[in-house]
Amino acid sequence: MLSEKLKTETLTNHQQLEKMLVTRMKSIRSVQDYIDLLQLFYSYFGALETRINTFISAEQLPDYTHRRKSAALSKDISDLGGTPVETVSGDSLPEIENALQAFGALYVIEGSTLGGKIIAKMMAQQLGITNGTGLSFFNGYGDDSAQMWDKFKQKLDLIAQDSNSENIVIEAANQTFTKFKLQAGHSTV
Ligand code: HEM
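It should be emphasised that the depicted structure is a prediction, and the values quoted were computed from it without experimental measurement.

## So, the coordination of the iron atom of the ligand
(1) Moving on: Of all protein atoms, just one serves as a donor to the iron atom of the ligand, and that atom is H14 (NE2), at 2.1 Å.
(2) Moving on: With respect to the helices and strands, the residue H14 is situated in helix α2 (residues 11–26).

## Some points on the packing of helix α3 (residues 31–55) against helix α9 (residues 163–186)
(1) Moving on: Their axes nearest at 10 Å, the elements α3 and α9 cross at an angle of 150°. With respect to the hand of their crossing, α3 and α9 are arranged in right-handed fashion. Of α9, the residues touching α3 (which contributes L40, F41, Y44 and L48) are Q175, T176, K179, F180, Q183 and A184.
(2) Moving on: Of the residues contributing to the contact of α3 with α9, the split by class is six nonpolar, three polar and one charged.

## Digging into the site of the ligand
(1) Moving on: Lining the immediate surroundings of the ligand are 20 residues, of which K7, H14, Y107, G111 and G115 lie closest.
(2) Moving on: H14 places a polar side-chain atom, nitrogen or oxygen, 2.9 Å from a nitrogen atom of the ligand.
(3) Moving on: Y107 has a polar side-chain atom sitting 2.6 Å from an oxygen atom of the ligand.
(4) Moving on: Secondary-structure elements contributing two or more residues to the shell around the ligand are α2, α3, α6 (99–127) and α9.
(5) Moving on: Among the elements that take part in the shell around the ligand, α6 stands out by supplying eight residues, more than any other.
(6) Moving on: In terms of residue class, the shell around the ligand is built from 14 nonpolar, four polar and two charged.

## Here we look at the nonpolar core
(1) Moving on: Counting 55 residues, the largest nonpolar core has Y34, L37, F41, L48, I52 and F138 as the members making the most contacts within it.
(2) Moving on: Of all the secondary-structure elements, those providing two or more residues to this core are α1 (2–9), α2, α3, α5 (70–79), α6, α7 (136–139), α8 (145–159) and α9.
(3) Moving on: Ranked by residues supplied to this core, first place goes to α6 with 14 residues.
(4) Moving on: In this structure, I52 is in contact with Y64, I96, A102, A105, L106 and I109, ignoring residues within four places of it in sequence.

## Things to note about the packing of aromatic side chains
(1) Moving on: Inspection of every chain in the model, using the stated rule, returns 13 aromatic pairs.
(2) Moving on: Ring pairs connect the aromatic residues Y34, F41, Y44, F45, F137, F138 and F180, which therefore count as one cluster.

## A few points about the confidence of the model for the protein
(1) Moving on: Confidence along the protein averages 95 in pLDDT terms, with 99% of residues attaining 70 or more.
(2) Moving on: When the elements of the protein are averaged for pLDDT, helix α4 (residues 64–67) gives the smallest value, 90, and α1 the largest, 98.

## What to know about the environment of Q32
(1) Moving on: Relative to the helices and strands, Q32 resides in helix α3.
(2) Moving on: On the accessibility criterion, Q32 (46% relative accessible area) is partly exposed.
(3) Moving on: Spatially, the C-alpha atom of Q32 lies 8.9 Å from that of G81, the residues being 49 residues apart in sequence.

## Considerations on the pattern of salt bridges
(1) Moving on: Scanning all chains against the criterion turns up six salt bridges.
(2) Moving on: Here K5 ties to E166 by a salt bridge, and the two come within 2.4 Å at their closest N and O atoms. Linking K5 in helix α1 with E166 in helix α9, this pair joins segments that are 161 residues apart in sequence.
(3) Moving on: Judged by relative accessible area, K5 falls into the partly exposed class, the value being 35%.
(4) Moving on: For E166, a relative accessible area of 13% gives the class buried.
(5) Moving on: Between R67 and D63 there is a salt bridge whose closest N-O contact spans 2.9 Å. In this pair, the class of R67 matches that of D63, namely buried.

## Brief notes about α5
(1) Moving on: Within the span of α5, buried status applies to S70, L73, D76 and I77. Down the axis of α5, the sector holding all buried residues measures 125°, keeping them to one side.
(2) Moving on: Where α5 is buried, its residues contact α3 and α7.

Rules used throughout
- Residues numbered from 1 in each chain as written.
- Predicted model: local features only at pLDDT ≥ 70, side-chain atom pairs only at ≥ 80, totals over all residues.
- Heavy atoms only, no water.
- Donors = N, O, S within 2.8 Å, 3.2 Å for Na, K, Ca; no water.
- Helix = DSSP H or I, 4+ residues; strand = E, 2+ residues; numbered from the N terminus.
- Axes fitted to C-alpha atoms, helices over the stretch in contact; angles between N-to-C directions.
- Left-handed = near helix turned anticlockwise from the far one by under 90°.
- Contact = heavy atoms within 4.5 Å.
- Nonpolar A, V, L, I, M, F, W, Y, C, P; charged D, E, K, R; others polar.
- Near = heavy atom within 4 Å.
- Polar contact = N/O pair within 3.5 Å; in protein donor to acceptor, adjacent residues only side chain to side chain.
- Core = buried A, V, L, I, M, F, W, Y, C linked by side-chain atoms within 4.5 Å.
- Buried < 20%, exposed > 50% of the residue type's maximum accessible area, 1.4 Å probe, protein only.
- Phe/Tyr/Trp six-rings, centres within 6.5 Å; stacked < 30°, edge-to-face > 60°.
- pLDDT = per-residue confidence, 0-100.
- Salt bridge = Lys/Arg side-chain N within 4 Å of Asp/Glu carboxyl O.
- Arc of directions from axis to C-beta.

Put into structure tokens, the structure is as follows:
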């Protein structure tokens, strides 16, 4: 199934990104450091969402509006006293020219809700946040996370009818990870 292939075929990229982010998160000591981390996600995921929106709507994914992440990111940044930065553009983004590529990028964004819970816990501990301020993006769907992920995977498994289409989704997911790693490497904290 495509959802299983995506997991194995993007594993190396996921592990590399996770390692980069864990190192960075361990060094976060101030709210400003954390705002900078949120800005990294906002600048990339915000731009990705704009591209994805051209090809995916409630027609393809009935709960898509509920899944959008950039609004939560900009809210977290503002709630912590920051101002959301410009989103990235051009070559900094993966190629998203059709619905299959859009689903590949969305797989990466949706999957980030799984590790997000771990990140939210780490940030709350390191910064002493007890009321959830600034954690809405990383807390994702809260108790609904497993159900939202299963529903998304079910949809993924219906969108590609042959191995050529599957490869387009997998390639887009890997490109989405790779370009994010580049952003994470460039950004300064
Ligand atoms: C410190 C950072 C991260 C940690 C510790 C982490 C951890 C995890 C864990 C534990 C899972 C598996 C959850 C489960 O199967 O129930 C997971 C899945 C996933 N994560 Fe991360 N993650 C991190 C960052 C990210 C980021 C930034 C992205 C995307 C940009 C991402 C994308 C994904 C995807 C796509 C999956 C789904 C894999 C599958 O198909 O099952 N992760 N992550």
